[in-house]
Amino acid sequence: MIGDLSPDAKTPVGFAPPPWNECSAPWRKLDEKLPHDHLTREIRDAMTLLDLAPLYSTYSGVGKAPHRPDLMLAIVLFELRRGRSKPSQWYQDTHENYPLWWLGFGIHPSRSCWYEFRDRTGSCIDTFNQALLHQAVAEDLTTAERGALDGSAVAANASRRRLINDERLQKRLQQLDDVAQDEAQGEAVEDLPAWMGKTPAGRRRQLGRYTQAQQELTVRQMANAQRPPSQRRAPDKVVVSPSAPEAPAGLDKDHVFRPLYTVQTVRDIHSPLILAYDVFAQASDAATLPPMLRRSHQLTGRTLKELLVDSGYITGMDLAEGAAQGVTLYGPWKANDWSKPKKLSVFSKDRFTWHDDLDAYVCPAGQLLKRTGCHQQVCSGGREVMMATYRGDAQTCQACPLREQCTTSKKNGRSVQRSEHEDLIQAHRAWMETAEAKTLYRLRGQTIEIVFADVKEHRGLRRFSGHGLARVRTEFALEVLLHNLLVVHRSLKQRQHVEAINLTTEDSAA
C-alpha cells in the first residue's frame, strides 16, 4: 500500500487518511529536500515486498478511524534502523524528524497509539518474516540449507538492583494484601512503602506481577534443588525480578548480574539473511537447538542440512536431535573456540578403550571396567540423559603401578561414565578432526557473530524496551524483519541492475 500513494489511490475502508499525499505542497517540499539515496526512500520501496493484509485484519473496523498501519510500520522500521526501538521515541521523532513526516505523510500518532501498534504487530510479525524468507527462497537468494546458530544475552527491561528472594517477596505480598483489606473496609491508607503503587489500580497491577513472580520463583527453587550440591545456590540467593518475572537472572557479557533474555538466530552461510530467530526466557544457550531447528523449518519451509554452532550446542542430546532431523552439526566437543585445553591430573576418558562386544572399557593398564549401574542425569535446560557407570576392580586398581595417574580414590577402582549417545559423540569428534569439517567450521565466526555485532552496536539492542516475553519477541522479530527486508530488496534491485546492463550490452552488440 505504501508504494501506491498517488492522489487517486484510495485509503482502505475504516482507516483515517493521512494529512498529506504526493500532491500536497508540504510533502513535495520535503521530497525535494530529502536526498535521493535517503534510507526512508529505500524503506518505502522495500515495503512493496510485504503483504500487510494480516496486519490490516487485526483492526476491528469500529470506533475512531485508526492511522494506516502501513505508514506506521514504515516509520517503525526506519526508527529501528537508527537504533530507536522505544514507542516513546517513535512518538517524539514523528514530531521532530522531517524524514518521518515525509515517510508517514504527516501522521502524528499519540504515544499510546505507538505502544498499541507494537503489541498489535506481535500477532503477525512471524507471518511477515515467513513470507519474506519464502520469497527469498523462491528468488534463489538462499537455499536455506546451510546456517550458523548462536545466541546472545540481552538485558530485560528491569532493574538489576531490585531482585528479591522468597522471604522478601512473601513480605511484600502480605503488605499488598493488608493495604487491599484496609481499602475494602474504607480505612485511609497512609505511609505506603516507597516500592508500593500509589493508586489502587497501580497496586492491583503490582499484585498481579508479584503473584507471577511468586510462581516463577517456586519453579526456580525446585530447579535449584535438583542441581548437584556443588552447583546449588543457597535458597535465599534464588531471586526474581518483580517487573520482569519471566527473565532469569544471570551474568551478561560485562559480568553484571541482572535479568536477561537469550536471543537466538540462525544466519544463512551464503547470504546475509537471518533464517530463524527466537527469544528464550533463560540465561544460556542450553536446549535451544531443537526449537531453533523447528523455527528454521517453519520460517523458510526448508530443512537445514548443515549447521555451524559453538560447543554449547554440541551435547549428546543435540547430536541425537540433529541426526533425527538429518542435520549435520559442526562444532567443538566441550571446548570453546578461545579456550585452552586443561591439564588433567588423571587419565582422561579418551585413554580408555571401548569394547562393544564386552560392554566394557579397557584402561591403559589393560584392566576391564565393567558396568555397575545406570542413572538419569539432569542436564542444563532440564533435559535428561541416561548415563551408565563402568568401574574397575578396587583391589586391582589399588595395586596398579599407574594408580597415581589414573584415580585419586583410596578405596574404590577407577570409574568412567558412558552416555546413551556415546556413539554419536565419538563419531562427531572424529568428523570434526577432518579437514573438510574444519574448513567449513571457519565460516561460523564470520557469519553469525556479525548479526549480534550489528544488532547490539548499530541498532542499540543491549536492553529490551518491552516487558514480558511476548513483547521482547516482537521487538526482536521487528529487527529481523528490517534486516531481511533490506537484504531481499537490495539483492533484487542489484539483480535487476545487472540484467539491465546485460540487456544493454546485447543490444549494443546486435
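This one's a predicted model, so the numbers in the text were calculated from it and none came from an experiment. (Residues numbered from 1 in each chain as written. Predicted model: local features only at pLDDT ≥ 70, side-chain atom pairs only at ≥ 80, totals over all residues. Heavy atoms only, no water.)

Colleague: Whenever I open this one, the overall build of the chain confuses me. Can you help?
Modeller: A count of helical and extended segments in the chain gives 18 helices and 11 strands. The burial tally for the chain puts 45% of its 510 residues in the buried class. A separation threshold of at least 6 residues defines the contact pool for the chain, and within that pool the share at least 24 residues apart is 65%. As presented, the chain carries roughly 26,800 Å² of accessible surface, and 50% of it is formed by carbon and sulfur atoms. Averaging the coordinates of the 67 positive side-chain charges in the chain and doing the same for the 62 negative ones gives two points 6 Å apart. (Helix = DSSP H or I, 4+ residues; strand = E, 2+ residues; numbered from the N terminus. Buried < 20%, exposed > 50% of the residue type's maximum accessible area, 1.4 Å probe, protein only. Contact = heavy atoms within 4.5 Å. Areas by Shrake-Rupley, 256 points an atom, 1.4 Å probe, with all protein chains shown as cover. Lys, Arg positive; Asp, Glu negative; His and termini not counted. Charge placed at Lys NZ, Arg CZ, Asp CG, Glu CD.)

Colleague: Can you walk me through the environment of Ala477 in this structure?
Modeller: Within the fold, Ala477 resides in helix H18 (residues 469-509). A residue is classified by how much of its surface remains accessible, and Ala477, at 1% relative accessible area, is buried. Separated by 90 residues in sequence, Ala477 and Met387 have C-alpha atoms that sit 39 Å apart. Residue contacts for Ala477: discarding those within four places in its chain leaves Ile125, Asn129 and Tyr277.

Colleague: Any chance you could explain the packing of aromatic side chains here in plain terms?
Modeller: The description of an aromatic ring pair uses the distance of the two centres, along with the angle that the planes make with each other. Taken as a whole and judged by the stated rule, the model has 12 aromatic pairs. Judged by centre distance (5.2 Å) and plane angle (5 degrees), the rings of Trp27 and Phe105 are stacked. Of this pair, Trp27 sits in helix H1 (residues 25-33) while Phe105 is found in the loop between helix H6 (98-104) and helix H7 (111-121), placing the two residues 78 residues apart along the sequence. By relative accessible area, which is 1% here, Phe105 ends up buried. Between Trp90 and Trp114, the aromatic rings sit 5.7 Å apart at their centres with planes inclined by 75 degrees, giving edge-to-face as the arrangement. (Phe/Tyr/Trp six-rings, centres within 6.5 Å; stacked < 30°, edge-to-face > 60°.)

Colleague: Just checking my understanding: could you explain the sheet that holds strand E10 (residues 384-391) for this structure?
Modeller: Within a beta sheet, neighbouring strands are joined by backbone hydrogen bonds and run either parallel or antiparallel to one another. Strands sit in the order E7-E8-E9-E10-E11 across an open sheet of 5 strands; the sheet is antiparallel. Since the sheet does not close on itself, it has two edges, and those belong to strand E7 (353-355) and strand E11 (415-419), each with one partner. Neighbour-to-neighbour, the strand axes of this sheet turn through a mean angle of 35 degrees, independent of strand direction. Across 8 bridges, the pairing between strand E9 (residues 368-378) and E10 is antiparallel. Residue pairing across strands places Cys374 opposite Ala388, the latter belonging to E10. (Pairing = 2+ DSSP bridges. Axes fitted to C-alpha atoms, helices over the stretch in contact; angles between N-to-C directions.)

Colleague: Help me understand the pairing of strand E1 (residues 146-155) in this model?
Modeller: The two faces of the sheet receive side chains in turn, since in a regular strand these alternate between them. The element E1 is largely enclosed, with a buried count of 9 among its 10 residues. In this sheet, strand E5 (residues 306-308) lies alongside E1 in parallel orientation, the contact comprising 3 bridges. Bridge assignment links Ala148 to a residue of E5, and that residue is Leu308. Of the pairings in the sheet, the one linking E1 to strand E3 (residues 257-268) comprises 9 bridges and is antiparallel in character.

Colleague: When you look at the nonpolar core in this model, what are you seeing that I'm missing?
Modeller: If you look at soluble globular proteins, the nonpolar side chains tend to sit buried side by side. Counting 96 residues, the largest nonpolar core has Leu73, Leu77, Leu307, Phe464 and Phe476 as its most contacted members. Top element by residues in this core is H18. It accounts for 13 residues. Leave out the neighbours within four places in its chain, and Leu73 touches Met47, Leu50, Leu52, Phe117, Phe128 and Leu478. In this structure, Leu176, Ala213, Val238 and Val240 belong to the second largest nonpolar core, which totals 11 residues. (Core = buried A, V, L, I, M, F, W, Y, C linked by side-chain atoms within 4.5 Å.)

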